[in-house]
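# Understanding the architecture of this molecule
Each chain is listed here by its residues.
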2 protein chains.
Amino acid sequence: MTQRILLMSSSRKDNLGYLEHAGEQIHTLLRHEPRKVLFVPFAGVTFSFDTYEGMVRPVFEKLGYALQSIHHSADPLRAVQQADAIAVGGGNTFALLKRLYDAGIVDAIRTKVRAGTPYVGWSAGSNVACPTIRTTNDMPIVQPPSLRALGLVPFQINPHFISGKPAGHNGESREERLAEFLHINAPEQVFALPEGSALYSDGTTGTVLGERHALWFPAEGQVETIREGEAFALSQITGPAGMQDWPGFAV
Amino acid sequence: MTQRILLMSSSRKDNLGYLEHAGEQIHTLLRHEPRKVLFVPFAGVTFSFDTYEGMVRPVFEKLGYALQSIHHSADPLRAVQQADAIAVGGGNTFALLKRLYDAGIVDAIRTKVRAGTPYVGWSAGSNVACPTIRTTNDMPIVQPPSLRALGLVPFQINPHFISGKPAGHNGESREERLAEFLHINAPEQVFALPEGSALYSDGTTGTVLGERHALWFPAEGQVETIREGEAFALSQITGPAGMQDWPGFAV
């Protein structure tokens, strides 16, 4: 079964407006088809879901796609099962994952997307598409029941990737944080996406979108640049043990 | 019962060596008494516990205190119960808390320190001294059984505090992350410590150490600077519900 999964680093690139850089990437996923997108605003914390929907809907409508937020639905599970496409926005990854579990839609989204429904996530919405949220940059402001997430792809994404650390600051750099992840979780792998970059997966092959490319960390101490348009086989990526047995993963 | 708890932001300040800025702060805690310090190196990930002990022991010995790491002990629970003082180093907060639970010493450290044994933590070692690790800056590379931590103080620490974000980067600033925490977890409160700053608690009063002061976030949208030497009453800080019933908390 062909899958259609777009994982974007960020909602903003440089000084462009909200998702302004992302039009062609979204068209790569949705192919100008008349799809109605189900939006999941659960990563928003300090503003309302209505406000969040009001930021995202005009972007998708301008591109030719209808969009409605799941928070209007009395039956979120049914909304997922009937969706033409699913979009999950950025914000706080821990709040997002907790609310996905609270709504009881984690397995349903995995089942739907692995069966072919297009999925687009950005920032936290890309983190939750991974096997776990263990490579998020966000603060763990709430505790989800598990760090296990949607598992739409077998690798981890690190969004908003930026090299190094501020001058004079002694906290860990992003590379040091990812080295810790790789050290303790081998053979799991990480793709780091600078702002504006994205990964597209059809279930068999991954492709990098965006002129800033991606960094592939296959193991601690190893890093390769994957350039725009470059494809890689998903079969070479080892996910967490037992992942193929998660509900909805095998299609 | 008087408690003695020192929570430092960082192991380094500017370009000074490891804990080089911290000598007077450590003397404030240990008072030149002949105490043998039990060191907990569990936050270290990409280097060995022996290596970590080798970095920390000379600092304490130069200040006049003996130090041995808990990883040499066949019975870590007994080591905690017999400690003259406890020092918990920085690194990855999630790895640290998971290993504290794996070793079965979370409740024992709380009981010991709340009963008067001096505790010093820096960075991740300050995060785990709080009610939970929900204000750590670290990547959640492993999953502890809970985000609940030692709860030596009723407030949250944000170590390595730095204002704003890198130019041209669109991830959340530290202030935005803390606003998310405060929004979703009111009435809990946060003290943000710039590198070099520390908080000292005697169980009744908190005092800020270090010339860079601290920022107190009593609620979302509120912030006050607490200056070096300035004291505040711990009784005005509300911890998580039920905290007073945690094993060892009430003394």
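Note: the structure precedes this text.
The rules we used
Residues numbered from 1 in each chain as written. Chains lettered and ligands numbered in written order. Predicted model: local features only at pLDDT ≥ 70, side-chain atom pairs only at ≥ 80, totals over all residues. Heavy atoms only, no water. Pairing = 2+ DSSP bridges. Helix = DSSP H or I, 4+ residues; strand = E, 2+ residues; numbered from the N terminus. Axes fitted to C-alpha atoms, helices over the stretch in contact; angles between N-to-C directions. Buried < 20%, exposed > 50% of the residue type's maximum accessible area, 1.4 Å probe, protein only. Contact = heavy atoms within 4.5 Å. Buried area = accessible area lost by both parts, 1.4 Å probe. Salt bridge = Lys/Arg side-chain N within 4 Å of Asp/Glu carboxyl O. Polar contact = N/O pair within 3.5 Å; in protein donor to acceptor, adjacent residues only side chain to side chain. Nonpolar A, V, L, I, M, F, W, Y, C, P; charged D, E, K, R; others polar. Phe/Tyr/Trp six-rings, centres within 6.5 Å; stacked < 30°, edge-to-face > 60°. Lys NZ or Arg CZ within 6 Å of the ring centre and 35° of its normal.

All names here are of chain A. One open sheet accounts for four strands, arranged S6-S7-S10-S11; its pairing is mixed. In this open sheet, the two strands that pair with only one neighbour each are strand S6 (156–161) and strand S11 (222–226). Ignoring which end each strand starts from, the neighbouring axes of this sheet average 25° apart. Of the pairings in the sheet, the one linking S6 to strand S7 (residues 190–194) comprises four bridges and is parallel in character. Within the sheet, the bridge partner assigned to Gln156 lies in S7 and is Val190.

This part covers the pairing of strand S5 (residues 119–122) of chain B. Looking along a regular strand, one sees side chains alternate from face to face of the sheet. Residues and elements named next belong to chain B. Here S5 shows a buried face lined by Tyr119 and Gly121 and a second buried face lined by Val120 and Trp122. Direction of pairing for strand S1 (residues 5–8) relative to S5: parallel, over a ladder of four bridges. Looking at the pairing, Met8 lines up with Trp122 of S5. In this sheet, S5 lies alongside strand S4 (residues 85–88) in parallel orientation, the contact comprising three bridges. Of the residues in S5, the one forming a bridge with Ile86 is Tyr119.

All right, on to helix H5 (residues 106–114) of chain B then. Residue and element names in this part refer to chain B. Burial runs high along H5: seven of the nine residues are buried. Of the positions making up H5, those classed as buried are Val106, Ala108, Ile109, Arg110, Lys112, Val113 and Arg114. Those residues of H5 hidden inside the fold are in contact with S1, helix H3 (76–81), S4, helix H4 (93–102) and S5. A positive phi of about 125° marks Gly116, the residue just after H5.

Tallying the contact residues gives 45 residues for chain B and 45 residues for chain A. Counting the surface lost from both chain B and chain A, the interface buries some 3,500 Å², and carbon and sulfur atoms represent 58% of this. Connecting chain B to chain A are two salt bridges. Connecting chain B to chain A are 22 residue pairs in polar contact (both at pLDDT 80 or more). The biggest single contributor to the side of chain B that touches chain A is helix H7 (residues 174–185) of chain B, with nine residues. Classifying every residue of the side of chain B that touches chain A gives 16 nonpolar, 16 polar and 13 charged.

For Asn158 of chain A, the position within the fold is in strand S6. Engagement of the side chain of Asn158 of chain A in a polar contact is seen with the backbone oxygen of Thr135 of chain A, the distance being 3.0 Å. Among the polar contacts made by the side chain of Asn158 of chain A, one reaches the side chain of Asn137 of chain A at a distance of 2.9 Å. Discounting chain neighbours no more than four positions away, the residues touching Asn158 of chain A are Thr135, Asn137, Arg174, Leu178, Val190, Phe191, Ala192 and Leu193 of chain A together with Met139 of chain B.

Opposite charge on two side chains permits pairing when their charged atoms draw close. All chains considered together, the criterion is met by 21 salt bridges over all chains. Here Asp107 of chain B and Arg110 of chain B are joined by a salt bridge, their closest N and O atoms 3.0 Å apart. On the criterion of helical spacing, the pair formed by Asp107 of chain B and Arg110 of chain B is a turn pair, its members being three residues apart in helix H5. Among the ionic contacts, a cluster of salt bridges with common partners joins Arg4, Glu33 and Arg35 of chain A.

With that out of the way, let us pick up the environment of Val128 of chain B. Residues and elements named next belong to chain B. In this fold, Val128 is placed in the loop between helix H6 (124–127) and strand S6 (156–161). In this structure, the C-alpha to C-alpha distance between Val128 and Gly90, residues 38 residues apart in sequence, is 10.0 Å. The contacts of Val128, once residues within four sequence positions are left out, are Val88, Thr93, Leu96, Leu97, Leu100, Tyr119, Ile133, Ala149, Leu150 and Gly151.

Let's shift gears to the packing of aromatic side chains. Tallying each qualifying case throughout the model produces 21 aromatic pairs over all chains. Ring centres 5.2 Å apart and planes at 75° place the aromatic pair Phe47 of chain A and Tyr52 of chain A in the edge-to-face group. Under the relative-accessibility criterion, Phe47 of chain A is labelled partly exposed at 33%. A relative accessible area of 1% places Tyr52 of chain A in the buried class. Arranged with centres 6.5 Å apart and planes meeting at 80°, the rings of Tyr18 of chain B and Trp122 of chain B form a pair that is edge-to-face. Residue Tyr18 of chain B is located in the loop between S1 and helix H1 (23–30), and its partner Trp122 of chain B is located in strand S5; the two are separated by 104 residues in the primary sequence. Take Tyr18 of chain B and Trp122 of chain B: they sit in the same class, and that class is buried. Ring pairing ties together the aromatic residues Tyr18, Phe39, Phe47, Tyr52, Phe60 and Trp122 of chain B, which thus form one cluster. Its guanidinium or amino end placed over the ring of Phe249 of chain A, Arg114 of chain A lies 3.7 Å from that ring's centre, counting from NZ or CZ.

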